[in-house]
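Coordinates in review
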Amino acid sequence: MSLASGVDENPPPPTVSVSVDSSRHELTVTSGPFDLPNMPPMEDHGMMDLGVSHDTRLQRFEWPVDGWFRGFRVELVDGKGRVVPPHVMHHMVMVNFSRRQLLYSAAERLMGTGTETEEVSVPKTIGVPMKPGMKLGMYVAWHNDTGQDLEGVQLKLTMLWTAKNQNPPPANALPIYMDVNLTIGGQNTFDVPPGKSTKAHEFTLPVGGRLLGVGGHMHDYGARVWLEDVTSGKLLTQVVAKRDDAGKLLKVSRKLFGVSGEGLRLKANRRYRVVSEYDNPTGEMKPKGAMASMVGLFVPDDMRRWPQINPNDPSYRRDLASLELRGAGSTSIPASHHGGTADAHSSREGADGNTSHGAEASSEGALRAPPSGHDSHE
Ligand SMILES: [Cu+2]
């Protein structure tokens, strides 16, 4: 046991525990303790590459109930029970190892949060279908810039669910992640040349469905991300960056098509293209300076046609390996660093229009950050 005052030389390893409140339909995931030394403020994105953030290892647990996940809230307290400002949790990502992503042979990113963490939920008419025993894992990137070391920090994540017997049952709405430049388990960053430039990725869906809403993730000098129909050339939807006079990103817009309405219909086996546009006014190439993705919630026409996990698929194995490497050292591991694992995160959530270091911003889907962005650059 440590004394109430000094820093523990050998702090106990963080653990995770789960409790269920069936009457409130809430699940509480408690994780910790974490000792978080004060860190200098991040001035730019590159500082993350210097290990300025502090990544936890993946903490695994099982989802305990039958129903639909529909929202969450996060609280942080230190070892003395004092409330810790939520932005100290730079981002948190929840991985669902029991389901594949729609587009990528990689584990589902069930949710994520950024620094402006409060309560997020979707209407009870929709939800992410969940089964008891689904294997989840969470990890956190901390950035304590409060000016004081924080000890014994506990993360309390409350997850809301809708019970199996709700009548009518919610529509199955699952995270969808569309990256313009993804290598699963590798990098999804790309260079930003001076002036205007675009990057695009084409894909098809194994099952049609409705997109209920979209958000996006970009870095500085990002202008917009859009989705288009390859055959017709028609622009289907887009998210747009709000930037300062120097082109630095302030926030990314998001779009709701309405959870009760039809949404944006996407067809199986039709070619779609997700495209990003950057506009870099600096006159200089920004190597690996960019990321761009669109994320959202997708209601498949037939859940039985959701792609199955292939545990032997090399991409899938790379994704798992990159998750296992998280937080393994005191500084980040370059190979897994910029997250190409189709990971959620986000620096400052774009929906709130707030950035601290201005390097990047996200506006994620209805559950805030379903499977967006990346692993660990912040
Ligand atoms: Cu990013």
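Everything here concerns the structure above.
Residues numbered from 1 in each chain as written. Predicted model: local features only at pLDDT ≥ 70, side-chain atom pairs only at ≥ 80, totals over all residues. Heavy atoms only, no water.

**Notes on the overall build of the chain**
Helix and strand content of the chain: 3 helices and 26 strands. Per-residue burial for the chain yields a buried fraction of 54% across its 378 residues. Long-range contacts, defined as pairs at least 24 residues apart, comprise 81% of the intrachain contacts of the chain with a sequence gap of at least 6. With an accessible surface of roughly 15,200 Å², the chain has 50% of that area assigned to carbon and sulfur atoms. (Helix = DSSP H or I, 4+ residues; strand = E, 2+ residues; numbered from the N terminus. Buried < 20%, exposed > 50% of the residue type's maximum accessible area, 1.4 Å probe, protein only. Contact = heavy atoms within 4.5 Å. Areas by Shrake-Rupley, 256 points an atom, 1.4 Å probe, with all protein chains shown as cover.)

**Some remarks on the sheet that holds strand E18 (residues 235-243)**
The 5 strands lie next to each other as E15-E22-E17-E18-E19, forming an open sheet whose pairing is antiparallel. If you trace the sheet from one side to the other, it starts and ends with strand E15 (195-203) and strand E19 (249-252), each paired once. Shown here is a sheet whose adjacent strand axes are inclined to one another by a mean of 20°, direction ignored. Bridging between E18 and E19 involves 3 bridges; their strand directions are antiparallel. The residue bridging Arg 243 from the neighbouring strand is Leu 249, located in E19. (Pairing = 2+ DSSP bridges. Axes fitted to C-alpha atoms, helices over the stretch in contact; angles between N-to-C directions.)

**With respect to helix H2 (residues 314-324)**
Restricting attention to buried positions, one finds in H2 the residues Ser 315, Tyr 316, Asp 319, Ser 322 and Leu 323. Seen along its axis, H2 keeps its buried residues to an arc of 125°; they face one direction. Of the exposed residues in H2, those oriented more than 90 degrees away from the buried face are Pro 314 and Arg 317. Where H2 starts, the residue carrying a side-chain oxygen 3.1 Å from the main-chain nitrogen of Ser 315 turns out to be Asp 313. (Arc of directions from axis to C-beta. Polar contact = N/O pair within 3.5 Å; in protein donor to acceptor, adjacent residues only side chain to side chain.)

**Looking at the pairing of strand E1 (residues 15-21)**
The sheet contact formed by E1 and strand E2 (residues 26-36) spans 7 bridges and is antiparallel. Counterpart to Ser 17 in the pairing with E2 is Thr 30.

**Considerations on the environment of Met 303**
Residue position: Met 303 is located in the loop between strand E24 (292-300) and H2. For Met 303, a relative accessible area of 25% gives the class partly exposed. The sequence separation of Met 303 and Pro 129 amounts to 174 residues, and the corresponding C-alpha distance is 9.6 Å. Those residues in contact with Met 303 that sit more than four places away from it in its chain are Arg 99, Pro 129, Asn 172 and Leu 174.

**Some thoughts on unusual backbone geometry**
Backbone torsion omega between Gly 32 and Pro 33 reads 0°, so that peptide bond is classified as cis. When you line up the elements, Pro 33 lands in strand E2. Geometrically, the link from Asn 167 to Pro 168 is a cis peptide bond, its omega value of -5° lying close to zero. Mapped onto the secondary structure, Pro 168 falls in the loop between strand E11 (150-163) and strand E12 (171-172). The residue His 25 is not glycine, and still its phi comes out positive at about 55°. Owing to a relative accessible area of 30%, His 25 belongs among the partly exposed residues under this scheme. Unusually for a residue other than glycine, Asn 269 sits at a positive phi of about 60°. As for its position among the elements, Asn 269 is in the loop between strand E21 (264-266) and strand E22 (272-280). Assessed through its relative accessible area of 61%, Asn 269 is described here as exposed.

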